[in-house]
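Notes for the structure review
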Amino acid sequence: MAPSGNVLVYDELGFHEGTSVAELLADRGCRVEIATPGMIVGQDLGVTLDLELWTIAAASRGVVCTPDVTVSSADEERGGLRVVLAHHPTGAQRVRTVDWVVTSVHPRADDTLWRALRNAPFPVHRIGDCLAPRRAHAAVLEGERVAAAL
Ligand SMILES: Cc1cc2nc3c(=O)[nH]c(=O)nc-3n(C[C@H](O)[C@H](O)[C@H](O)COP(=O)(O)OP(=O)(O)OC[C@H]3O[C@@H](n4cnc5c(N)ncnc54)[C@H](O)[C@@H]3O)c2cc1C
């Protein structure tokens, strides 16, 4: 079932995963707020020079950006989810009732293929996101190390 209605995207990563999902859901007609404990929403997008594009994309889609908050509770309530957002610099709390909460948190490795092949009669190495989801540089570096050792 796809999220619809009022959606809170809670982003603990500050990179493309949360902001891209927020943009996608807004394009699908959801009313989206993206909240993060970071000092700005999508703070790591500065690294790839995508922050400005994201800011324009969010504004044109009416995505509400809420930095500096943590979710202190989320409970089912008749007709939705009652979420308490705590503004961590001041402790002020805000209650929101939404239809969906989508979290962008550290991903789990999809190593199904490696598990299937690990006992094969030839060497099998695990690199990049299959080892631990990170960013492209890790896959390149680990791939180079494996190749150099062959
Ligand atoms: C939305 C988003 C934006 C990102 N933006 C950036 C960025 O701007 N800069 C950056 O450095 N990193 C970024 N990343 C992270 C980056 O994409 C990954 O760290 C990188 O792609 C990891 O490379 P990889 O080769 O380990 O895995 P992948 O790129 O995921 O490649 C693994 C491949 O294996 C295939 N596969 C998996 N299981 C099987 C199977 N059982 N059988 C056959 N094939 C299989 C998959 O289909 C995939 O093609 C982003 C990630 C996301 C989700």
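For the structure, see preceding data.
Described in the following lines is the structure provided in the data block.

Calculation notes
Chains are numbered independently. Their residues run from 1 in the order of the written sequence. With pLDDT at 70 or above as the cut-off, local features in this predicted model cover only qualifying residues; side-chain atom pairs require 80 or more to be listed or tallied, and sums for whole chains, interfaces and linings still use all residues. With hydrogens and water set aside, each side-chain value is computed from the structure's full complement of heavy atoms. Helix numbering and strand numbering both begin at the N terminus, where a helix is a DSSP run of H or I of at least 4 residues and a strand a DSSP run of E of at least 2. In this setup the radius of gyration rests on C-alpha atoms only. A globule is expected at 2.2 Å times the number of residues raised to 0.38. Only protein chains enter the accessibility calculation, which uses a 1.4 Å probe; a residue whose area is less than 20% of its type maximum is buried, one above 50% is exposed, and one in between is partly exposed. In these tables, accessible area is a Shrake-Rupley quantity obtained with a 1.4 Å probe, and a residue counts as shielded only by the protein chains included in the view. Grid points spaced at 1 Å over the protein atoms alone were grouped into cavities, where a 1.4 Å probe fits but cannot get out, and pockets, open sets with protein on both sides within 12 Å along at least five of seven lines, with lining residues defined by an atom within 4 Å of a point. Grid points are joined across faces, edges and corners, and a volume is the space filled by probe spheres set on the points. Residue type decides the class: Asp, Glu, Lys and Arg count as charged, Ala, Val, Leu, Ile, Met, Phe, Trp, Tyr, Cys and Pro as nonpolar, and the leftover types, Gly among them, as polar. Note that the domain bounds were set by an automatic or database domain assignment. What makes a residue near a molecule or strand is one non-hydrogen atom of that residue sitting within 4 Å of it. Polar contact is the term for a pair of N or O atoms within 3.5 Å; when the atoms are in protein, one must be able to donate a hydrogen and the other to accept it, and sequence-neighboring residues count only if both atoms are side-chain atoms. Between any two strands, at least two bridges found by DSSP are needed for them to pair. Here, axes are lines fitted to C-alpha atoms. For helices the fit covers the stretch in contact, and angles between N-to-C directions go from 0 to 180 degrees.

Quick look at the overall build of the chain now. Within the chain one finds four helices and seven strands. Tracing the chain from N to C terminus, the helices and strands come up as β-α-β-α-β-β-β-β-β-α-α. Relative to the 2.2 N^0.38 estimate, which gives 15 Å for 150 residues, the radius of gyration of the chain is 19 Å and therefore markedly larger than a compact globule would have. Taken along its principal axes, the extent of the C-alpha atoms in the chain is 55 × 35 × 30 Å. Within the chain, buried positions represent 31% of all 150 residues. Accessible surface for the chain amounts to roughly 9400 Å². Of this, 57% is attributable to carbon and sulfur atoms.

Turning next to the layout of surface pockets. Taken as a whole, the largest pocket holds about 170 Å³ of empty space. Lining the largest pocket, in full, are L13, F15, E17, H106, P107, D129, P133, R134, R135 and H137. Here the residues of the lining of the largest pocket sort into four nonpolar, two polar and four charged. Counting only domains with at least three residues in the lining of the largest pocket, you end up with domain 1 (6-104) and domain 2 (112-149).

Right, let's get into the site of the ligand. Residues in close proximity to the ligand include F15, H16, E17, T48, L113, G128, D129, R134, R135, A136 and A139, which together make up its full environment. Between an oxygen atom of the ligand and a main-chain N or O atom of D129, the distance comes to 2.8 Å. A distance of 3.0 Å separates an oxygen atom of the ligand from a polar backbone atom of A136. For the ligand, whose free accessible area comes to 1000 Å², the fraction covered by protein is 43%. Sorting the residues of the shell around the ligand by element identifies α1 (16-27) and α4 (136-149) as the ones contributing at least two each.

Before going further, it helps to examine the sheet that holds strand β3 (residues 64-66). Taken together, the four strands give an open sheet; going across it, the order is β3-β2-β1-β7, and neighbouring strands pair in parallel fashion. Two strands in the sheet have a free side with no partner beyond their single neighbour: β3 and β7 (100-104). Each adjacent strand pair in this sheet contributes to an overall mean axis angle of 20 degrees, direction not counted.

The quantities given are spatial measurements derived from coordinates; they are silent on function.
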